[in-house]
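# Coordinate analysis (summary)
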Amino acid sequence: MTQHSATIIGAGIVGISAAAFLQRQGYSVTVIDRVPPGEGCSFGNAGGLAFSEVVPTVHSRMLLKVPRWLMDPLGPLTIRWSYLPKAMPWFMALARNSLPDRVKAITAARADLALRVVSDFETLLKAAGTADLIGYRDTLRLYDSEAQYLAEEPERQAKREHGFEMKRISGGEARELEPAIGSSVHCGAFHGGWYFLANPGRAVKSIAAEVVRNGGVILEDDVLSIERDGNRVSGLRLKAGGRHSIDRLVVCAGAYSHLLARQLGEKVLLEAERGYHMLLPNSGVSLSRSITYARTPGAATPMEMGLRLAGTDEFAGLDAAPDYRRADALWTQFKAVLPGLRPPDHETTRWMGRRPGTPDSLPVIGPSRAAANVWYGFGHGHMGLTWGPSTGRLIAELMTGMKSNIDLTPFRVDRF
Ligand SMILES: Cc1cc2nc3c(=O)[nH]c(=O)nc-3n(C[C@H](O)[C@H](O)[C@H](O)COP(=O)(O)OP(=O)(O)OC[C@H]3O[C@@H](n4cnc5c(N)ncnc54)[C@H](O)[C@@H]3O)c2cc1C
């Protein structure tokens, strides 16, 4: 039997997972990335396997909050106004996708994709010898007032419909669970059954190391262009390494993937939803679970490196310089619920990452419609760590002609 080879562009959680699952199907794999594995967006996220987040990132109720958020340049959502005309088609599509019937369909597709995220992640980490990085931990959402809690009831209801239960607890009960929580917190929603990674970047690197141990190759290079031969891709032009021949190509290039799809003539609406984190090795706060706070989208997650405050959404394009005041703003916001939070010190680090965001909060998973030997896995937005390993498995199944456990129609590349 001839062994197929696959080249994967992108060594984030999605690309490395695709490589690992393709190896299981007998493929020889090469992963190309301009940076080492796990150093793109997959490096600095909040570490949550957020499979119960079935409601799309943006929906009509959230749109009502947007004008207030936009008034504050350091608020949870910001658009650099000079960039707005370029992002306009994406925002128009976002508005269409926030209508109730679309939200319902998107929620169902997200719930489908979530079905096997824990077992797929565990499969990869166990093989890599780093299963200790994944931990079963609840999460707690905090509210300032009853009105704030009630405003989120529709999202909780949608989650319940897909089997995810949350329990309302009082502010006092929240403080019993997490003594670091301040007295201003009115109540909380306790989500059982979540999983967190103690270090997302290390997790990706460990899976990449296992791919290499199994004979895979990881090339550090920049893919400049894609060469075609009829309806197939024949090669890649690399910045440092000349030409790389292609048998089968998988594009998992995160927030840059639409640039590669465009070279094949496929239009994809993808925006870099730029998020920030502040990592505090000396936070002064001890948390045993991740918390989120309804006033500000973001999470405070205890990790092996310290407390990571992660969140915010900035639309400024791929290349604009980071505005680290947004990471500092996360500190200010979380200080309101974690009064013991110490100020940043010389060990504190700040980071910006580009979430690959589609306007329907669903990734692209499946074959190219323009080239016979190309598959896509990108556009995971706020959920890439969660869905990355399952996407890798689904791509490997598609490429070997196996039947998927879910309907992949909502993830087609030609839906934009
Ligand atoms: C603040 C923040 C918090 C988050 N929290 C969570 C969370 O708790 N849970 C969750 O599930 N998700 C979370 N996410 C989202 C998650 O991190 C992303 O969805 C995920 O990392 C995307 O993975 P990826 O493999 O698609 O992209 P990446 O990790 O960015 O990998 C893509 C790679 O492609 C490479 N590349 C692109 N173009 C080329 C080219 N032409 N040549 C060579 N290489 C190329 C890039 O260098 C990059 O390394 C968060 C994101 C942010 C920013």
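Residues numbered from 1 in each chain as written. Predicted model: local features only at pLDDT ≥ 70, side-chain atom pairs only at ≥ 80, totals over all residues.

### Some remarks on the overall build of the protein chain
Secondary structure summary: the protein chain contains twelve helices and 21 strands in total. Relative to the globule expectation of 22 Å for 416 residues, the C-alpha radius of gyration of the protein chain, 21 Å, shows essentially globular dimensions. In terms of overall dimensions, the protein chain has a C-alpha envelope of 65 × 45 × 40 Å along the principal axes. By residue count, 48% of the 416 residues in the protein chain fall in the buried class. Contacts spanning at least 24 positions in sequence make up 75% of the contacts within the protein chain whose residues lie at least 6 apart. (Helix = DSSP H or I, 4+ residues; strand = E, 2+ residues; numbered from the N terminus. Rg over C-alpha atoms; globule rule 2.2 N^0.38 Å. Buried ≥ 20, exposed ≤ 12 C-beta atoms within 10 Å, placed from the backbone. Contact = placed C-beta atoms within 7 Å.)

### Focus: helix 12 (residues 384-399)
Serine 390 marks the point of greatest bend in helix 12, at about 25°. Helix 12 sits mainly inside the fold: 14 of its 16 residues count as buried. Once helix 12 finishes, glycine 401 follows within two positions and takes phi at roughly 75°, a positive value. (Bend = angle between axes of the 7 residues up to and from the residue.)

### What to know about the site of the ligand
For the ligand, the set of nearby residues contains 42 residues, the closest of which are Gly12, Gly40, Gly254, Gly275 and Gly384. Within the residue set of the shell around the ligand, elements represented by two or more residues are helix 1 (13-24), strand 2 (28-33), strand 15 (271-280), strand 18 (306-315), strand 19 (349-357) and helix 12. The element best represented in the shell around the ligand is helix 12, accounting for four residues. Split into classes, the residues belonging to the shell around the ligand amount to 19 nonpolar, 19 polar and four charged. (Near = placed C-beta within 6 Å. Nonpolar A, V, L, I, M, F, W, Y, C, P; charged D, E, K, R; others polar.)

### A word on the sheet that holds strand 10 (residues 217-220)
Working definition: the strands of a sheet are paired by backbone hydrogen bonds and lie parallel or antiparallel to each other. One open sheet accounts for six strands, arranged 10-2-1-14-21-20; its pairing is mixed. Every interior strand has two partners, whereas the edge strands, strand 10 and strand 20 (364-367), have only one. On average, each strand axis in the sheet is inclined to that of its neighbour by 20°, with strand direction left out of account. In the packing of helix 1 onto the sheet, the strands contacted are strand 1 (5-9), strand 2, strand 14 (248-251) and strand 21 (374-378), and the crossing angle to strand 2 comes to about 170°. Here helix 12 sits on the sheet in contact with strand 14, strand 20 and strand 21, set at roughly 165° to strand 21. (Pairing = 2+ DSSP bridges. Axes fitted to C-alpha atoms, helices over the stretch in contact; angles between N-to-C directions.)

### Some details on the sheet that holds strand 12 (residues 232-238)
Strand order in this open sheet of three strands is 11-12-13, and the pairing throughout is antiparallel. Every interior strand has two partners, whereas the edge strands, strand 11 (223-229) and strand 13 (242-245), have only one. Across the sheet, the axes of successive neighbouring strands diverge by a mean angle of 30°, strand direction being ignored. Pairing analysis gives six bridges linking strand 11 to strand 12, with the strands arranged antiparallel. Bridge assignment links valine 223 to a residue of strand 12, and that residue is leucine 238.

### Thoughts on the packing of helix 1 against helix 9 (residues 200-213)
For the pair helix 1 and helix 9, interaxial distance at closest approach is 9 Å and the crossing angle is 30°. Here helix 1 is positioned roughly parallel relative to helix 9, judged by the angle of their axes. Considering the relative orientation of helix 1 and helix 9, their crossing is left-handed. Taking contact as the criterion, the partners of Ile13, Ile16, Ser17, Ala19, Ala20 and Gln23 in helix 1 are, on helix 9, Val204, Ile207, Ala208, Glu210 and Val211. Of the residues assigned to the contact of helix 1 with helix 9, the class counts are eight nonpolar, two polar and one charged. (Parallel < 35°, antiparallel > 145°, perpendicular 65-115°, else oblique. Left-handed = near helix turned anticlockwise from the far one by under 90°.)

### A few points about the packing of helix 5 (residues 117-128) against helix 9
Across the interface, helix 5 lies against helix 9 with an axial gap of 8 Å and an inter-helix angle of 65°. Between helix 5 and helix 9 the crossing geometry is left-handed. Facing Leu124, Leu125, Ala127 and Ala128 of helix 5, the residues of helix 9 in contact are Ala203, Ser206, Ile207, Ala209 and Glu210.

### Side note on the nonpolar core
Counting residues in each nonpolar core, the largest one holds 76 residues, and the members touching the most others are Ile16, Ala18 and Val251. Of all the elements, helix 1 adds the most residues to this core, at eight residues. Counting residues in each nonpolar core, the second largest holds 29 residues, with Leu140, Ala299, Leu338 and Met352 among its members. (Core = buried A, V, L, I, M, F, W, Y, C linked by C-beta atoms within 7 Å.)

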